[in-house]
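Residues per chain, in single letters:
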Amino acid sequence: MPLASEIMGCSMMQKSSFLPLNDLKDTHKNRGQFCVNPVLVPLDNRRSRSRSSRLKKGVRTTTPMVVVAAISEDLVKIVRVEKPVTFKVRAVLTVRNKNKEDLKETIVRKLDAFTDQIGRNVVLELYSNIIDPKTRAPKKSKEAVLKDWSKKSNLKTERVNYIADILVDSEFGTPGAITITNKHQKEFFLESITIEGFACGPVHFPCNSWVQSSKDHPEPRIFFSNQPYLPDETPAGLKSLREKELRILRGDGKGIRKLSDRIYDYDVYNDLGNPDRGNDFVRPSLGGDKIPYPRRCRTGRVPSDTDISAESRVEKPLPMYVPRDEQFEESKANAFSTGRLRAVLHNLLPSMVASISKKHDFKGFSQIDSLYSEGVLLKLGLQDDLVKKLPLPNLVTRLHESSQGGGLLKYDTPKILSKDRFAWLRDDEFARQAIAGVNPVSIAKLEVFPPLSQLDPEKYGPQESALREEHIAGYLNGMTVQQALEEDKLFIIDYHDIYLPFLDRINALDGRKAYATRTIFYLNQSGTLMPVAIELSLPQALPGSESKRVVTPPVDATSNWMWQLAKAHVCSNDAGVHQLIHHWLRTHASMEPFILAAHRQLSAMHPIYKLLDPHMRYTLEINALARQNLINADGVIEACFTPGRYCMEMSAAAYKNWRFDLEGLPADLIRRGMAVPDPSKPHGLKLLIEDYPYATDGLLIWEAIQKWVQTYVNRYYPDSDQICNDRELQAWYAESINVGHADLRHENWWPTLASAEDLTSVLTTIIWLTSAQHAALNFGQYPYGGYVPNRPTLMRRLIPDENDPEYISFLDDPQKYYLSALPSLLQSTKIMAVVDTLSTHSPDEEYIGERQQTSTWSGDAETVEAFYAFSAEIQRIEKEIEKRNNDTSLRNRCGAGVLPYELLAPSSEPGVTCRGVPNSISI
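The rules we used
- Residues numbered from 1 in each chain as written.
- Predicted model: local features only at pLDDT ≥ 70, side-chain atom pairs only at ≥ 80, totals over all residues.
- Heavy atoms only, no water.
- Helix = DSSP H or I, 4+ residues; strand = E, 2+ residues; numbered from the N terminus.
- Buried < 20%, exposed > 50% of the residue type's maximum accessible area, 1.4 Å probe, protein only.
- Contact = heavy atoms within 4.5 Å.
- Areas by Shrake-Rupley, 256 points an atom, 1.4 Å probe, with all protein chains shown as cover.
- Pairing = 2+ DSSP bridges.
- Expected span 1.5 Å × (residues − 1).
- Bend = angle between axes of the 7 residues up to and from the residue.
- Polar contact = N/O pair within 3.5 Å; in protein donor to acceptor, adjacent residues only side chain to side chain.
- Core = buried A, V, L, I, M, F, W, Y, C linked by side-chain atoms within 4.5 Å.
- Phe/Tyr/Trp six-rings, centres within 6.5 Å; stacked < 30°, edge-to-face > 60°.
- Axes fitted to C-alpha atoms, helices over the stretch in contact; angles between N-to-C directions.
- pLDDT = per-residue confidence, 0-100.
- Salt bridge = Lys/Arg side-chain N within 4 Å of Asp/Glu carboxyl O.
- Disulfide = S-S within 2.5 Å.
- Parallel < 35°, antiparallel > 145°, perpendicular 65-115°, else oblique.
- Nonpolar A, V, L, I, M, F, W, Y, C, P; charged D, E, K, R; others polar.
- Patch = residues over 30% accessible without salt bridge, like charges linked within 9 Å, V, L, I, M, F, W, Y side chains within 5 Å.

Undergrad: Mind showing me how you'd approach the overall build of the protein here?
TA: Along the protein, the regular secondary structure elements total 33 helices and 22 strands. A burial count over the protein gives 57% of its 923 residues as buried. Of all intrachain contacts in the protein linking residues separated by at least 6 positions in sequence, the fraction that spans at least 24 positions is 73%. In the structure as shown, the protein presents an accessible area of about 39,600 Å², 51% of it carried by carbon and sulfur atoms.

Take a look at the structure:
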């Protein structure tokens, strides 16, 4: 104002003050007074010289406020005496370099540095929030280029900042988007852009995306500022860009996807088998009326040669398509590759041992222990000199030679052995793991006794269980079964209906023998569980023979070994259900459609996209890798888990009973009868087992997520009508259901999306499943399952009875029989290597309460402040969990030889730690 007064010599100006833009518009509209465009402050004017000194010296100023006032009785008119002036703003692009590059990448980088000097640049255009009145198109700047790319091309730092000066005019308005054209040959990873020089202060553009060469993708890349907008509130200058970016991400659903594409689309699981390799590798397609299943990311690969309905395979180490920004970043990829290399070594060498010695079984428990203490080579007969003679890749040989004592081929001691080597043998530990182990979500309250099957009796035999009151009465502390039921003392893990339809086919497989199990637990006065009976069922047998058998806790040596074998069969059932249903189906597979729909229907500037963004990281990539290596025909899961080639069919059978509305923690606890609604209790629930570590810790995190989401939703949707009218939000949710979960789209249990409460519930469930639920089910796999006897993933022999020919050999050497029933040496080392990789946190892991560019991911200061409050609450929860793990009254998580429950402790170091809650399903 002093400058304007000095120029104009107008006392009228001194009586006025600048108002915010909206207020000025209202003032202009309602009172006939003048309004002024936002002022742009040129970088050149932020120097030591004052504006007045420049004027006195006759230097031409670039200020846009050169005005005169023509005053009438009731109107002030602003008349410009010159055209809008042009000045520079500065763009600072932060690019993340690769730590390591191969020779080809080095050559291309140097070539790009050279061609950059002769005009093949990285080109930028800045877009305003407003429409240009002359062109009636989004107002944009002049094209600008990065001016220091070639100069900085040899910098070895992780991040490099590049500068571009962009010319804009004084009527440009507020910047809202920027486009980038990469005329180099090589893609680059753009982390963020900051624009400096506007009166509003720095404008941030969080990018975190690969920018491809224009020769591969001619369309300029579009990035939006961090200011969130609902669709109907999108500034006029950004509307067409918002729609264009979403159209690009959706693609046209045709053609084979290139690895550099950024297209999100759906397909069925028709790529698990490989019919071109023969009938043994044929697998049914999952998804559709015949076998319902969620949809996965479409790759568009051509059909196989022998089955037009099956997509052709891409076998490792060739990469499978996922949209470019979903692929692992370098540190994550390196960590995963190292884990995969370890897995190859752990599988390769025992495989050679097995083929050389033909001894496939463990000789004793000491041989299992040697896998951790001495490694594969030293104990299993494959010595260093033999390794050097074998045709191993040079890399493998060098890695072996550089490892100390063959350490690369050693397994870390699983946590289950760290406090008590024999804990896994105890019944109380077997029961404790049902509520504080790697699968704490199968246990349920026993509602009726004997339990009943829901299977068709004509197909699968009588629905009644073989369990009777006399089997368990002696373990109920003087209560009858009815009293125990009424007092909520009996619990069950019931795998009868899941396994029985598959048992004939499973038991016909080579080296597979399984039952459909039911296990009954009694809740002691101390708050701990004890197993009191195990029912083992087989398909309907011949007339006169038993198909159901009940085993109870031992009374002598023979019944002790019978009991240990029965528990091993329960663990084998449990491992399959955990991996295929609770872990894969209920987190990985069921969340993929919501992630695909979010990218296709929610703009990057949509506040709900900004909320979900950290919870979608890496999931599409890890799911693609699973289809390639883990859940595919003859993959690790089929090779190492009880259902074998029927693994994914079993997962699909469970999907028929999957319900999104019951996937949130409180609803799931109530569904399983593990809790009842009680407004007087914390979290509004009364737990039937008070010391239920998964539930008690999980409810803390659930409530923190819920409060954060509620605050966030209410910030952007103060009126429920806004939710109903948000076309992007409604399209995201509708597509997640109608396309992503198309086979269940007509179910009446899908939640509506008509209010802030609805949206909070849906988003809380998604964030819970992708963060805490997945963490609880995943990161304990090696700590608990790395010791195979504690958690065998398959069994190779049934339990003999007096009429079996094997019964005599069982009596003669029960330990040998037990070990021969467990997975073989090769199967054990393979599953150990894989769960070791799956349980590992990468160095770039982002944990709950953290996110990239914490202070600038949103331009809404209130939202950022609310996120910091959420982060502080997560830190408080971590301290509370630590406190609980030191509370001796909580016997399921504290005691002699008892592992603390840390699977829901939010933070973690890299590696296998048995703790840590990442934001997303990233492994």
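So much for the structure itself; the text now carries on.
Undergrad: I would appreciate a short explanation of the pairing of strand β16 (residues 516–523) in the present structure.
TA: Regular strands have side chains that alternate between both faces of the sheet. Of all eight residues making up β16, eight are buried, and the element is well covered by its neighbours. Where strand β15 (residues 490–494) lies against β16, five bridges are found, and the strand directions are antiparallel. Note that in β16 the partner of Phe-491 across the bridge is Phe-521. With eight bridges joining them, β16 and strand β17 (residues 529–537) adopt antiparallel strand pairing. Directly across from Tyr-522, in β17, lies its bridge partner Met-530. The turn joining β16 and β17, which pair antiparallel and follow one another in sequence, is formed by five residues; a positive phi near 90° is taken by Gly-527.

Undergrad: Honestly, helix α19 (residues 557–601) in this entry has me stumped. Any pointers?
TA: Residues spaced three or four apart along an α-helix point in a common direction, a consequence of the helix completing one turn every 3.6 residues. Taking 1.5 Å as the rise per residue, α19 with 45 residues should run 66 Å; its terminal C-alpha atoms sit 63 Å apart, in good agreement. Roughly 55° is the biggest bend found in α19, and it falls at Trp-584. Judged by how many residues are buried, α19 sits mostly within the fold: 41 of 45 residues are covered. With a side-chain oxygen positioned 3.3 Å from the backbone nitrogen of Thr-558, the residue opening α19 is Asp-556.

Undergrad: In this structure, what is going on with the nonpolar core? I would like to understand it.
TA: Most often, soluble globular proteins have nonpolar side chains that are buried together. The biggest cluster of nonpolar side chains holds 183 residues, and the ones touching the most others in it are Tyr-293, Ile-443, Leu-669 and Trp-732. For this core, the element with the most residues is α19, which contributes 20 residues. Apart from the residues within four sequence positions on either side, Tyr-293 is in contact with Tyr-269, Leu-286, Gly-287, Trp-584, Leu-585, Ala-589, Met-648, Ser-651, Ala-652, Tyr-655 and Asp-743.

Undergrad: Can you help me understand the side chain of Thr-696 in this one?
TA: Take Thr-696: it is sitting in helix α25 (residues 693–716). For Thr-696, a relative accessible area of 16% gives the class buried. Only 3.3 Å separates the side chain of Thr-696 from the backbone oxygen of Pro-693, close enough to count as a polar contact.

Undergrad: Explain the packing of aromatic side chains here, please?
TA: Aromatic ring pairs: the centre-centre distance and the angle between the two ring planes describe each pair. One pass over the structure, following the stated rule, counts 34 aromatic pairs. Here the aromatic rings of Tyr-293 and Tyr-655 are separated by 5.8 Å at their centres, their planes lie at 65°, and the arrangement is edge-to-face. Of this pair, Tyr-293 sits in the loop between β12 (266–267) and β13 (296–297) while Tyr-655 sits in helix α23 (residues 647–655), placing them 362 residues apart in sequence. With relative accessibility at 0%, the residue Tyr-655 sits in the buried group.

Undergrad: When you look at the sheet that holds strand β10 (residues 203–211) in this model, what are you seeing that I'm missing?
TA: Either a parallel or an antiparallel arrangement is found when strands of a sheet pair, and the pairing is made through backbone hydrogen bonds. Strand order in the open sheet made by the four strands is β7-β3-β9-β10, with antiparallel pairing throughout. A single partner strand is all that each edge strand has here, and the edge strands are β7 (159–169) and β10. The average angle at which neighbouring strand axes cross in this sheet is 25°, direction not considered.

Undergrad: When you look at unusual backbone geometry in this model, what are you seeing that I'm missing?
TA: Put simply, Lys-316 and Pro-317 share a cis peptide bond, and its omega is 10°. With respect to the helices and strands, the residue Pro-317 is situated in the loop between β13 and α8 (330–357). Cis geometry is found at the peptide bond from Phe-449 to Pro-450, where omega equals -5°. Mapped onto the elements, Pro-450 comes out in the loop between β14 (444–445) and α14 (457–460). Positive phi, close to 60°, is recorded for Asp-488, a residue that is not glycine. For Asp-488, the location among the structural elements is in the loop between α16 (481–486) and β15.

Undergrad: Would you mind going over the confidence of the model for the protein with me for this structure?
TA: Should the pLDDT be low somewhere, the predicted coordinates at that spot are not to be read in detail. For the protein, the mean per-residue pLDDT works out to 87, and 84% of the residues sit at or above 70. Note that residues 1–81 has pLDDT below 50 and, in this model, 98 contacts with residues that lie over four places away or in other chains. Here residues 377–407 scores under 50 on pLDDT; set against residues more than four positions off or in separate chains, the count is 40 contacts.

Undergrad: How should I be thinking about the pattern of salt bridges in this particular structure?
TA: Oppositely charged side chains are able to pair whenever their charged atoms sit close together. Using the criterion set out here, one finds 59 salt bridges in the structure. For Glu-245, the salt bridge identified is with Arg-262, shortest N-O distance 3.1 Å. One end of the pair, Glu-245, is in helix α7 (residues 236–250); the other, Arg-262, is in the loop between α7 and β12, and 17 residues separate them in sequence. Arg-262 shares its class with Glu-245; the two are buried. The closest approach of N and O atoms between Arg-426 and Asp-428, which form a salt bridge, is 2.9 Å. In the salt-bridge network here, residues are joined through shared partners; they are Arg-96, Glu-158, Arg-159, Glu-191, Glu-329, Arg-617, Asp-844 and Glu-846.

Undergrad: I would appreciate a short explanation of the environment of Trp-424 in the present structure.
TA: By the secondary structure assignment, Trp-424 is in the loop between α12 (394–402) and α13 (427–436). In this structure the C-alpha to C-alpha distance between Trp-424 and Tyr-784, which are 360 residues apart in sequence, comes to 9.4 Å. Look past the residues within four positions of Trp-424 in its chain and what remains in contact with it is Phe-365, Glu-429, Tyr-787, Pro-789, Asn-790 and Tyr-818. A polar contact of 3.4 Å, which involves the side chain of Trp-424, links it to the backbone oxygen of Arg-421.

Undergrad: Help me understand the state of the cysteines in this model?
TA: In this structure the tally under the stated criterion is zero disulfides. We note that Cys-640 lacks a disulfide partner, and the nearest cysteine sulfur, in Cys-647, lies 9.6 Å from it. Given a relative accessible area of 2%, Cys-647 falls into the buried group.

Undergrad: What should I look at first to understand the packing of α7 against α19 in this one?
TA: A pair of packed helices can be characterised by two numbers: the angle between their axes and the separation between those axes. Axis separation between α7 and α19 bottoms out at 7 Å; the angle between their running directions is 140°. Classified by the interaxial angle, the pair formed by α7 and α19 is oblique. Taking contact as the criterion, the partners of Leu-246, Leu-249 and Arg-250 in α7 are, on α19, His-599, Arg-600 and Gln-601. Partitioning the contact of α7 with α19 into residue classes produces two nonpolar, two polar and two charged.

Undergrad: Can you walk me through a nonpolar patch on the surface in this structure?
TA: A cluster of nonpolar side chains, contributed by Leu-111, Phe-114 and Ile-118, occupies part of the molecular surface with about 310 Å² of accessible area. Relative to the helices and strands, Ile-118 resides in the loop between α5 (103–117) and β4 (122–131).

Undergrad: Sorry if this is basic, but what is going on with the pairing of strand β8 (residues 175–182) here?
TA: Counting buried residues in β8 gives eight out of eight residues, a clear majority hidden from the surface. Bridging between β4 and β8 involves seven bridges; their strand directions are antiparallel. Looking at the pairing, Val-122 lines up with Asn-182 of β8. Two elements, β8 and strand β11 (residues 221–224), share four bridges in a ladder whose sense is antiparallel. The partner of Ile-180 across the bridge, within β11, is Arg-221.

Undergrad: What is the right way to read the sheet that holds β17 from this model?
TA: With antiparallel pairing, the five strands of this open sheet are ordered in space as β14-β15-β16-β17-β18. Every interior strand has two partners, whereas the edge strands, β14 and β18 (548–551), have only one. Contacting β15, β16 and β17, α13 runs over the sheet at an angle of about 85° to β17. Along the sheet, α19 contacts β16, β17 and β18; its crossing angle with β17, the most-contacted strand, is approximately 80°.

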